[in-house]
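Take a look at the letters that make up each chain.
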Amino acid sequence: MKPMERMQGVDEETVAQWRRDFPILEERVYDAPLVYLDNGATTQKPRAVIEAERAYYEHDNANVHRGVHLLSQRATDAYEAARARIACFLNAARQEEIVYVRGTTEAINLVAQSFVRPLAKPGDEILVTAMEHHSNIVPWQMVCEQTGAVLKVVPIDESGALDVEAFERMLGERTRMAAITHVSNALGTINPIRRLVAAAHARGVPVVVDGAQAIAHVPVDVQALDCDFYAFSGHKIYGPTGIGVLYAKAERLEAMPPWQGGGDMIRTVTFEKTQYNAIPWKFEAGTPNIAGAVGLAAALDYVSGIGIEAIGAHEADLLAYATQAIQHIPQVRLIGTAPDKAGILSFVFGDVHAHDVGTIVDRCGVAVRAGHHCAMPVMQRYGVPATVRASFALYNTRGDVDALVQALTRVREVFGA
Ligand code: PMP
């Protein structure tokens, strides 16, 4: 379901209220008010998240699962309560299904190394799509090198929509994993995950979903999606950097060996034999990012307080407004026009390199991304070296879009384009 179909956009006063929650939005850059349109790379943090981390360090800081003293218990409680909060946000069946990681990249590497690598034989196949981020390509190429498995790539059409029938056809006897992004960071395409998972499961193929670009924009219910694994990063959903989540069905985690050894992931250690801890701690070797977990839980509370549907509706409104406005600029070619899209607008500007566009626009106070967005195969698919990308968050406004369009006229002036 598209966000637009669920809800109308949000009124300006409501967005103005949300904006007040984000202190960084008061920054000025080059003597202009900051217009932050690089949310696909990372989102800004509301005061609630900043405060939660500060309060943790001021009142509770200690190591988890180790001390008998009160602070250690408080830190452990906060860390485990955050896990329960995350499970609830994703509608996971059990909180043991939530593994803390550094981010999406680490989550996918964990699945690749601990789940797929031990299973894969030479000639086995791993399916990815043509719109994946490098972090959902390279870990699989590494597994292929390690095992002799082969990477298969499901094509996309010119609009950037996945060829679902090709996906279904490409699922075979030898497919060991389907690794699919929920939302493309370079194109904005939203993939029909439920349908893809059903097709994969009908052929006995497990699915890992890269949720990095979806988590802050579309409702995610892992039980409804029925995916085996779902990965996301805290920093893309108004939370801290350095903390992320791997959701995995409990039976998958139970069957997987740990991928890093160390403190906390063990039950007993002797020089002869080590007994591993229960899930999810079996996958959490070493002192974790405790403050990050606390901050992430605060971010999820913040987002839930607003409602992901309201956020999605607001961003859909911005996307529609921006798509229309930018198409009036003759030099602009949109890259990614799939029917079902999240708030990501990727484009090229005549012959001007995306980095030049990004630099000029930045001087006007507008922060956008310019480059290959860690999705070089997407760039190759469209025959461009790079794109400019504006990506929306709950605090963006139509005024931000107007500022971008205005800044693009400056690019025209500079390059005589
Ligand atoms: N997948 C996608 C679709 C992304 O957009 C990103 C971040 N740009 C990642 C994976 C990697 O996320 P992280 O760097 O937080 O691990």
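Since the structure is predicted, the reported quantities are computational estimates derived from the model, not experimental observations.

1. Considerations on the site of the ligand
In the neighbourhood of the ligand, 13 residues make up the surrounding shell, with T105, D210, Q213, S233 and K236 lying closest. One of the side-chain N or O atoms of S233 is found 2.7 Å from an oxygen atom in the ligand. Within the side chain of K236, an N or O atom sits 2.7 Å from a nitrogen atom of the ligand. Partitioned by chemical class, the residues of the shell around the ligand number 1 nonpolar, 10 polar and 2 charged.

2. Some thoughts on the UniProt feature "domain: Aminotransferase class V" (unreviewed entry) in the protein
Per the UniProt record, "domain: Aminotransferase class V" (unreviewed entry) is found at residues 35–404. In residues 35–404, helix accounts for 39% and strand for 17%; the two terminal C-alpha atoms are 8 Å from one another.

3. Thoughts on the packing of aromatic side chains
Counted according to the given criterion, the structure contains 7 aromatic pairs. Ring plane angle 65 degrees and centroid distance 5.7 Å describe the contact between F22 and Y238, whose orientation is recorded as edge-to-face. Here F22, found in the loop between α2 (12–20) and β1 (28–29), pairs with Y238, found in the loop between β9 (229–233) and β10 (244–248); they are 216 residues apart in sequence, far enough to count as distant. Pairwise contacts between aromatic rings join F22, Y238, Y302 and Y395 into one cluster. The cationic tip of R381 hangs over the ring face of Y382; the distance from NZ or CZ to the ring centre is 5.2 Å.

4. Quick notes on unusual backbone geometry
In this structure, P280 follows I279 across a cis peptide bond, with omega equal to 0 degrees. Mapped onto the elements, P280 comes out in the loop between β12 (274–276) and α11 (290–306). For Y238, which is not glycine, the phi dihedral falls at a positive 70 degrees. Of note in this structure, H373 is not a glycine but carries a positive phi near 55 degrees. Note that H373 resides in the loop between β16 (369–371) and α14 (376–382). Look at H373 and you get buried, because its relative accessible area is 6%.

5. Looking at the side chain of T189
Within the secondary structure layout, T189 lies in the loop between β7 (175–181) and α8 (193–202). Residue T189 is classed as buried on the basis of its relative accessible area of 2%. Here the side chain of T189 touches G160 through a polar contact of 2.7 Å, landing on its backbone oxygen. The residues contacting T189, other than those within four sequence positions of it, are M131, G160, A161, H182, V183, S184, A338, D340 and K341.

6. A short note on the sheet that holds strand β17 (residues 387–391)
Strand order in the open sheet made by the 4 strands is β13-β14-β17-β16, with antiparallel pairing throughout. For this open sheet the edge positions go to β13 (332–334) and β16, each flanked by a neighbour on one side alone. Neighbour-to-neighbour, the strand axes of this sheet turn through a mean angle of 30 degrees, independent of strand direction. Pairing geometry for β16 and β17, over 3 bridges, is antiparallel. Note that in β17 the partner of G371 across the bridge is T387. Here helix α12 (residues 308–327) sits on the sheet and contacts β13 and β14 (344–349); the angle it forms with β14, its principal contact strand, is near 10 degrees.

Rules used in this analysis
Residues numbered from 1 in each chain as written. Predicted model: local features only at pLDDT ≥ 70, side-chain atom pairs only at ≥ 80, totals over all residues. Heavy atoms only, no water. Near = heavy atom within 4 Å. Polar contact = N/O pair within 3.5 Å; in protein donor to acceptor, adjacent residues only side chain to side chain. Nonpolar A, V, L, I, M, F, W, Y, C, P; charged D, E, K, R; others polar. UniProt positions renumbered as here; feature names shortened; annotations may be inferred. Helix = DSSP H or I, 4+ residues; strand = E, 2+ residues; numbered from the N terminus. Phe/Tyr/Trp six-rings, centres within 6.5 Å; stacked < 30°, edge-to-face > 60°. Lys NZ or Arg CZ within 6 Å of the ring centre and 35° of its normal. Buried < 20%, exposed > 50% of the residue type's maximum accessible area, 1.4 Å probe, protein only. Contact = heavy atoms within 4.5 Å. Pairing = 2+ DSSP bridges. Axes fitted to C-alpha atoms, helices over the stretch in contact; angles between N-to-C directions.

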